[in-house]
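Breakdown of the fold
In case you want the letters, here they are:
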Amino acid sequence: MNALNWTETLRQQLEEAGIVVDQQESAYTPHALVWQVAAEVWQQLAELSMLQGLRWSAGWAEQTGEQFTVHALLEKQGVYLLIRTSIGYKKPELPSQASVYPAANRSERHTHDMFGIKFIGHPDKRPWTRHKAWDKHTHPLRKDFPVQGSPEIITPPDMDYPFIRSHGAGTYEIPVGPVHAGIIEPGHFRFQAVGELILNLEERLGYVHKGIEKIAEGRTPQSLARLAGRVSGDTTVSHSWAACMAMEQAAGLSIPGRAALIRGILAERERVANHLGDIGAICNDVAFVFAQMQFSRLRENWLRTHATVFGHRLLMDCVIPGGVKSDVSDSDCRLIKQDIIPLRKELTDIITALDLNSSLEDRVYTAGFLPEDIAAAFGTVGYVGRASGQDFDVRRDLAYPPYDQVKFKVALENQGDIASRFWIRYKEIIAALKLIEQFIDLLTPGEILEEWHVPVAGSEGLGIVEGWRGEIIAFVRFDGDNKISRFYPRDPSILNWPVLEKLVLNNIVPDFPVCNKSLNGSYSGNDL
Amino acid sequence: MLRLFKKILTTGIVTEPVKAPKDVELEQLGIAIKRHIDRRYSGSIAIRQIDAGSCNGCELEIHALNNPYYDIERFGIHFVASPRHADVLLVTGPVSRHMQTALLRTYEATPDPKWVVAVGDCAACGGEFGVSYASCGAVSNVIPVDAVIAGCPPTPLALVQGLLSLCERH
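Now for a look at the structure at hand. Predicted model, so just to flag it, every value in this text is computed and none were measured. (Residues numbered from 1 in each chain as written. Chains lettered and ligands numbered in written order. Predicted model: local features only at pLDDT ≥ 70, side-chain atom pairs only at ≥ 80, totals over all residues. Heavy atoms only, no water.)

On to the overall build of chain B. Of the regular secondary structure elements, chain B holds six helices and six strands. Written out in order from the N terminus, the α and β elements of chain B read α-α-β-β-α-β-β-α-β-α-β-α. With the principal axes as the frame, chain B shows a C-alpha extent of 55 × 35 × 30 Å. Put simply, chain B has 170 residues, and 62% of those count as buried. Relative to all contacts within chain B whose residues are 6 or more apart in sequence, the contacts with residues 24 or more apart total 84%. Accessible area of chain B: about 7100 Å², with a carbon and sulfur share of 54%. (Helix = DSSP H or I, 4+ residues; strand = E, 2+ residues; numbered from the N terminus. Buried < 20%, exposed > 50% of the residue type's maximum accessible area, 1.4 Å probe, protein only. Contact = heavy atoms within 4.5 Å. Areas by Shrake-Rupley, 256 points an atom, 1.4 Å probe, with all protein chains shown as cover.)

In structure tokens form, the structure reads like this:
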């Protein structure tokens, strides 16, 4: 069935079920269809979409005057369907989609915490993003909530979150975090274990909630791009790209070809840098320090070229609305290309040495197994999804510029264990190196920045890119005067975190760090 | 196994020399030492890193301190897993309100005498996030800060030099 077929089939089924769909014109057709539906059929629409095999990708709300608009983004075969519904400001309620799509669970709880929209029939009534920084009867993303809020001098800890409990002889609980033993972000993990075996794991995140959605309001496009670049510091290029793509759609702007290619180079370089770090860190978590030292050395070499060519080791603020901040000269291109040659050779040497190491194999094969059906049920994206047979990559399936100009293979594995997530990263590095070379060869002289047009009030945009962790969504709506009225970034971690609770089951507690690292979700990108 | 040893031998030692910085250099790097440093620490410090709300950018660069190029342990500076083992708390991020109590408790759990180093622009002044319903802003709004290493994020070199200036023999 091709892409157009499924939208037609779904529409017919909706008609048969008596659901009226109002297809809206939008800036982001043809990549995404926009369907407005009545609030009462919100859940029914999810059920029919589930039957059609659509993946639930993102959900968010916004306040426009005296009403809320709730959005949910679904996807199949690289075609996106944005469904939206409007509900009243007084007693806002909506049938939950979380009972149909587990991926919607935390997202709806976030929307409840931030807007006070009640999702009827939601399987989990607990808060998610809210701890104790604001009262449960106030909602930060409502327009009448001041940015400063009314916090206490010392925000108390969230002591009464009802974790799942275990009973019976021999079971015990291990609370971990929010402050962890390593140099990593804060979050809480609650284990139930028998002996060393993990019976259950529950994540409690939200510790690094910085109010990104709220402080985005009223910003200029340039300032929003900076903020988006700090949603998750390791994904700075892709988050600012997604935000800029959304803003450019809203402004009706198309960026110069050269700028798109440079964005492609930046995003692929970011992917390589993070995968190099991750492969080393996975090995380090099973005490294989040789690999950690080698990969952190390769990563450092790579970052130094970032600094030389783009002026920042992590590539922050290189992507700006309308294009990119700085051009690459011919000598920069030569340096980038020259860098790739020794990296390829060194990777071959190191990977061969690792592949023959039985003590490493013993730890990463079969551990942290994520079956294909669970990966599909949770809508897992990026390398975590692709290591468990989820054949989806925005770069290939949506083919946004510059990826429409190149041919490349998307790596896929179906073993679903830590080793699989290790190998898929290696394959993605190799593919990214090729892409960088292709993009450089395609560069022709030209502009790198399109002049900014002020978008009309109320215009919106939806940026969708493949970050190094997977699919990133950014929704932007403008007010008048070039100011942002709503920004919602959906980091891939939001879809990937829940499967960590699944893939650690029946592993031993000491293997949790390596299981977690193999997934490597962003805490900051999740908590916003 | 032979391939592994061959790779180690052919890679050799890549660690780069870093000199203890002069005051002018520190200023250029955006490093501010606010308080007189206790002399008892000369020689070695144990660091507990706390992410109090950062975007993870600073953590990536702090990680780099342990890579073979910077190899910060050669200076007697090492990262520990508990605040109870630490002399220095290296705090990143604007302090999110949800992390405020955790940061205060970690600070209390660190034995005296102790220093707090705020790392990155957010930790120094609130950075891109500032003070809001969700963020307390700078680290100094929550616990006393002894030194600041600015940057978004600070480079590993700035971090090494900032830390070296703390444990310099006076």
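It is worth spelling out the overall build of chain A at this point. Looking only at helices and strands, chain A has 17 helices and 15 strands in total. Relative to the compact-globule value of 24 Å for 528 residues, chain A shows a C-alpha radius of gyration of 23 Å, a close match. Counting across all 528 residues of chain A, residues that qualify as buried make up 63%. Considering only intrachain contacts with a sequence separation of at least 6, the fraction spanning at least 24 residues in chain A is 70%. Carbon together with sulfur atoms contributes 54% to the accessible area of chain A, which is approximately 18800 Å² in total. (Rg over C-alpha atoms; globule rule 2.2 N^0.38 Å.)

With that settled, the discussion passes to the interface of chain B and chain A. At the junction of the two partners, chain B supplies 52 residues and chain A supplies 68 residues. The contact between chain B and chain A buries some 4800 Å² in all, and 60% of this surface belongs to carbon and sulfur atoms. When the buried surface of chain B facing chain A is broken down by residue, H98, E128 and Y133 of chain B rank first, second and third, together holding 20% of it. Across the chain B-chain A interface, the total number found is six salt bridges. With its nearest N and O atoms 2.8 Å apart, the salt bridge here joins R304 of chain A to E16 of chain B. Of all the secondary-structure elements, those providing two or more residues to the side of chain B that touches chain A are α1 (2–11), β2 (45–51), α3 (57–64) and α4 (100–109) of chain B. Considering each element in turn, the side of chain B that touches chain A owes the most residues, seven residues, to α3 of chain B. Residues of the side of chain B that touches chain A, tallied by class, amount to 26 nonpolar, 16 polar and 10 charged. (Buried area = accessible area lost by both parts, 1.4 Å probe. Salt bridge = Lys/Arg side-chain N within 4 Å of Asp/Glu carboxyl O. Nonpolar A, V, L, I, M, F, W, Y, C, P; charged D, E, K, R; others polar.)

The next subject is the nonpolar core. Residue and element names in this part refer to chain A. Formed by 137 residues in total, the largest nonpolar core has its most connected members in F295, F310, L354 and F487. The residues touching F295, leaving out its near neighbours within four places in the chain, are L276, I279, G280, L347, I350, I351 and L354. Formed by 44 residues, the second largest nonpolar core is a distinct cluster that contains I19, V41, L94 and V381. (Core = buried A, V, L, I, M, F, W, Y, C linked by side-chain atoms within 4.5 Å.)

All names here are of chain A. Ordered by their spatial adjacency, three strands build an open sheet running β8-β9-β10, and the pairing between neighbours is antiparallel. Only two strands of the sheet have a single partner each, and these edge strands are β8 (171–176) and β10 (197–204). For this sheet, the mean angle separating the axes of adjacent strands, direction not counted, is 20°. Judged from the six bridges that link them, β8 and strand β9 (residues 188–194) form a sheet pairing that is antiparallel. From the neighbouring strand, T171 faces β9, where its bridge partner is V194. Sheet strands in contact with helix α15 (residues 493–503) are β9 and β10, and its direction is about 160° off that of β10. (Pairing = 2+ DSSP bridges. Axes fitted to C-alpha atoms, helices over the stretch in contact; angles between N-to-C directions.)

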